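These are the residues of each chain, in order.
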Amino acid sequence: MLKRRRFKQTKTLDQRLAEEVMRLRDEARALPPGRSREMLLRKARQDETAIQIEAWLRSPGLRAPT
């Protein structure tokens, strides 16, 4: 059986997603209007939504009652 390669992330999920958003938007700026540009912008919006969901899940309002 194959063994999983594991490694510890050095950056938080929010940081990695934010960097990805910036990279995707920079790539999209360099492209002419078209399908590939729209796909990059769509992925950037999805990553921004993921950042918001992650923040919502970590919010203190969602803690289990004690």
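Predicted, not measured: the structure shown is a model, and the values here were computed from it.

Q: Before we go on, may I ask you to explain helix H2 (residues 35-58) in this structure?
A: Residues that lie three or four places apart on an α-helix share one face, since the helix turns once every 3.6 residues. Helix length check: H2 (24 residues) gives 35 Å between terminal C-alpha atoms against 34 Å at 1.5 Å per residue, within 8%. All of the buried residues in H2 are Leu40, Leu41, Ala44 and Asp47. For H2, the secondary structure elements touched by its buried residues are helix H1 (13-30).

Q: Please clarify how the side chain of aspartate 47 should be interpreted in this entry.
A: Within the secondary structure, aspartate 47 is located in helix H2. Residue classification places aspartate 47 among the buried residues on the basis of a relative accessible area of 5%.

Q: Hey, could you run me through the nonpolar core in this one?
A: In globular proteins that are soluble, nonpolar side chains generally tend to be buried together. Listed in full, the six residues of the largest apolar core are Val21, Leu24, Ala28, Leu40, Leu41 and Ala44. Those elements that provide at least two residues to this core are H1 and H2.

Q: For this particular structure, what's the right way to read the environment of methionine 39?
A: In this fold, methionine 39 is placed in helix H2. Overall, the relative accessible area of 42% leaves methionine 39 in the partly exposed class. The sequence separation of methionine 39 and alanine 28 amounts to eleven residues, and the corresponding C-alpha distance is 8.7 Å.

Q: Can you walk me through H1 in this structure?
A: With 18 residues, H1 should reach 26 Å at 1.5 Å per residue; the first-to-last C-alpha distance of 26 Å fits that figure. Buried within H1 are the following residues: Leu17, Val21, Leu24 and Ala28. Summarising the axial view, the buried residues of H1 lie within an arc of 75°, below the 170-degree limit, and thus occupy one face. Every exposed residue of H1 that faces more than 90 degrees away from the buried side is listed here: Met22, Arg29 and Ala30. Residues of H1 that are buried make contact with H2.

Rules used throughout
- Residues numbered from 1 in each chain as written.
- Predicted model: local features only at pLDDT ≥ 70, side-chain atom pairs only at ≥ 80, totals over all residues.
- Heavy atoms only, no water.
- Helix = DSSP H or I, 4+ residues; strand = E, 2+ residues; numbered from the N terminus.
- Expected span 1.5 Å × (residues − 1).
- Buried < 20%, exposed > 50% of the residue type's maximum accessible area, 1.4 Å probe, protein only.
- Contact = heavy atoms within 4.5 Å.
- Core = buried A, V, L, I, M, F, W, Y, C linked by side-chain atoms within 4.5 Å.
- Arc of directions from axis to C-beta.

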